Structure formats: C-alpha cells, structure tokens
Amino acid sequence: MKVSTKFPVGIVRATVALTAVAAVALGASSLPASAATEIANSGFHDIAAGATRVVVQVNRGLNAKTDRDSTYTTTNKTTITALIAHVNELPKAPPAGEMCPMDVGAKLTLSFYRHAPKPYAIVVADPGGCGPVSIRDFSANDTPKSSAAVGGGVSFSAYVATKLHIKTLQVL
C-alpha cells in the first residue's frame, strides 16, 4: 500500500495517534449522544400480569463485606401486582453522557414466574448511579421475546425494598 501525502508519514501517524488519545481522554465517541436507547413509557416494556411468584436477588455491591448477596421471595398477589405496575411505569432511560452519582455496583434482579421453573420476565435495577433498569421478557419456550433499557432504578429499588422489607440495598 502506497501512502501519498504532502506531510511526512511520521507526522500523519503522530497526528492520528494524538487525535485518538484526545478522543479517549475527553470521552468523545463516534456515536452522537442521541444514539442511546431511550424508550419512553410507551408500553413496549410492559411486563404482563399473571405472575404467581417474584424472586428478588440483591447484590449490595463492591463495598459489602458481609451479607453481600441475599434473596427475597413473595407470592403475595397484591405485592406482585404492585411491583409489575411499578415496572410498567418506569421512565425512559437517561441520556447518554449524563453525569451520574457514585455507583458501587449494587443491583436488584427481579424474576417473575408463572407456574413454571423459568421466569417469564427479568428486571435488573441499579439502586445507585443513574439507576439504569433492564427489562427482558421471555416466551413460553424460554426464548427472548423483548428487552428494554429504561431509567428510574434508584426509586424503583427503594420501592421494592419497602415492599419486601429489605433493609439495605447497597453499601456505600
């Protein structure tokens, strides 16, 4: 391959390298900030009703020295209905590049079951930082049906903790 430029090849390589370093250092991206997945509360991420059991796994994050992981289960129909309604009302995901509070890696994973050994929906919420939430739905044969990335994880996690009497969600 022959490179033909007005500048010596060494200068061109140095310029490209400095540009790449500057892009990484400044957090620049080849994708515009609006390319982030932002799903408004449009019904595309709704969890269907009909769960008979919800299992909540809590990981309290990197700073937890004891009781880092715990599991809570409910079969209370009223509680399950309230949790599903709350998930279905979560707001759109925050814009890309938004500055977020400290996040220690804690997460809540809610698995929604009908009378089956595998969940039909899984919600993973971050109780810290910007509070991202992922929602995944599965079909009857356990294949992924849909997924969404939404926001509101901090308040949603607090709501789940109140409903299931979870004392600590994350260790700061």
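Calculation notes
- Residues numbered from 1 in each chain as written.
- Predicted model: local features only at pLDDT ≥ 70, side-chain atom pairs only at ≥ 80, totals over all residues.
- Heavy atoms only, no water.
- Helix = DSSP H or I, 4+ residues; strand = E, 2+ residues; numbered from the N terminus.
- Contact = heavy atoms within 4.5 Å.
- Polar contact = N/O pair within 3.5 Å; in protein donor to acceptor, adjacent residues only side chain to side chain.
- Pairing = 2+ DSSP bridges.
- Axes fitted to C-alpha atoms, helices over the stretch in contact; angles between N-to-C directions.
- Core = buried A, V, L, I, M, F, W, Y, C linked by side-chain atoms within 4.5 Å.
- Buried < 20%, exposed > 50% of the residue type's maximum accessible area, 1.4 Å probe, protein only.
- Phe/Tyr/Trp six-rings, centres within 6.5 Å; stacked < 30°, edge-to-face > 60°.
- Lys NZ or Arg CZ within 6 Å of the ring centre and 35° of its normal.
- Parallel < 35°, antiparallel > 145°, perpendicular 65-115°, else oblique.
- Nonpolar A, V, L, I, M, F, W, Y, C, P; charged D, E, K, R; others polar.
- Salt bridge = Lys/Arg side-chain N within 4 Å of Asp/Glu carboxyl O.

Enquirer: Teacher, can you tell me more about the environment of valine 55 here?
Expert: Structurally, the position occupied by valine 55 is in strand β1 (residues 53-59). Taking the C-alpha atoms as reference points, valine 55 and threonine 71, 16 residues apart in sequence, are found 7.0 Å from one another. With residues up to four places along the chain from it excluded, the contact list for valine 55 reads Thr71, Tyr72, Thr73, Thr109, Leu110, Ser111 and Tyr113.

Enquirer: Looking at this model, I keep getting lost on the side chain of serine 70. Mind explaining?
Expert: As for its position among the elements, serine 70 is in strand β2 (residues 69-74). Within the structure, the side chain of serine 70 is placed 3.5 Å from the side chain of tyrosine 72, a separation counted as a polar contact.

Enquirer: Explain the sheet that holds strand β4 (residues 121-125) to me, please; I cannot follow it from the model alone.
Expert: Strands in a sheet are paired, the pairing made by backbone hydrogen bonds, and the direction either parallel or antiparallel. Ordered in space as β2-β1-β3-β4-β5-β6, the 6 strands form an open sheet in which the pairing is antiparallel. Edge positions in the open sheet fall to β2 and β6 (144-150), since each of these has one partner strand only. Going across the sheet, the axis of each strand differs from the next one's by a mean of 15°, ignoring polarity. Across 5 bridges, β4 lies against strand β5 (residues 133-138) in antiparallel orientation. Across the sheet, the residue bridging to alanine 121 is aspartate 137, located in β5.

Enquirer: What is the right way to look at the nonpolar core in this model?
Expert: As a rule of thumb, nonpolar side chains are buried together in soluble globular proteins. Counting residues in each nonpolar core, the largest one holds 26 residues, and the members touching the most others are Ile47, Val56, Leu110, Phe112, Val123 and Val160. Counting residues per element, the ones that place at least two in this core are β1, α2 (77-88), β3 (107-113), β4, β5 and α3 (153-164). When sequence neighbours within four positions are dropped, the list of residues in contact with isoleucine 47 reads Ile84, Val87, Asn88, Phe112, Tyr120, Ala121, Val123, Ile135 and Asp137.

Enquirer: Help me out: how do you make sense of the packing of aromatic side chains in this one?
Expert: Two descriptors summarise a pair of aromatic rings, namely the distance from one centre to the other and the angle between the planes of the rings. What the rule picks out here adds up to 0 aromatic pairs. Of note, arginine 53 hangs over the ring of tyrosine 113, and the distance from its end group to the ring centre comes to 4.0 Å. Across from the ring centre of tyrosine 120, 3.8 Å away, lies the NZ or CZ of arginine 114, which sits over that ring.

Enquirer: Can you walk me through the packing of α2 against α3 in this structure?
Expert: What describes two packed helices is the angle between their axes and the distance between those same axes. At a closest axis distance of 11 Å, the pairing of α2 and α3 adopts a crossing angle of 175°. The orientation of α2 with respect to α3, classified from their angle, is roughly antiparallel. Residues Thr79, Ala82, Leu83, His86 and Val87 of α2 lie in contact with α3, whose contacting residues are Phe156, Tyr159, Val160, Lys163 and Leu164. Its residues placed into classes, the contact of α2 with α3 shows 7 nonpolar, 2 polar and 1 charged.

Enquirer: Where do I start with the pattern of salt bridges in this structure?
Expert: Proximity of charged atoms lets side chains of opposite charge pair with each other. All told, the structure shown has 2 salt bridges when counted by the stated rule. Here aspartate 67 and arginine 60 are joined by a salt bridge, their closest N and O atoms 3.9 Å apart. Arginine 60 sits in the buried class, given a relative accessible area of 3%. In this structure, lysine 118 engages aspartate 142 in a salt bridge whose closest nitrogen and oxygen atoms are separated by 3.7 Å. Taken together, the residues lysine 118 in the loop between β3 and β4 and aspartate 142 in the loop between β5 and β6 connect sequence positions 24 residues apart.

Enquirer: Before we go on, may I ask you to explain the pairing of β6 in this structure?
Expert: Regular strands show a simple pattern: their side chains alternate between the two faces of the sheet. Sheet topology note: the β5/β6 ladder contains 6 bridges and is antiparallel. Looking at β6, one finds that aspartate 137 is bridged to serine 146. Where β5 folds back onto β6 in an antiparallel hairpin, the turn is made up of 5 residues, including aspartate 142, whose phi is positive at roughly 65°.

Enquirer: Mind showing me how you'd approach unusual backbone geometry here?
Expert: Most peptide bonds adopt trans geometry, and most residues besides glycine take a negative phi value. For aspartate 142, which is not a glycine, the phi torsion comes out positive at approximately 65°. Here histidine 165, not a glycine, exhibits a phi torsion of approximately 60°, which is positive. Mapped onto the fold, histidine 165 is located in the segment after α3.

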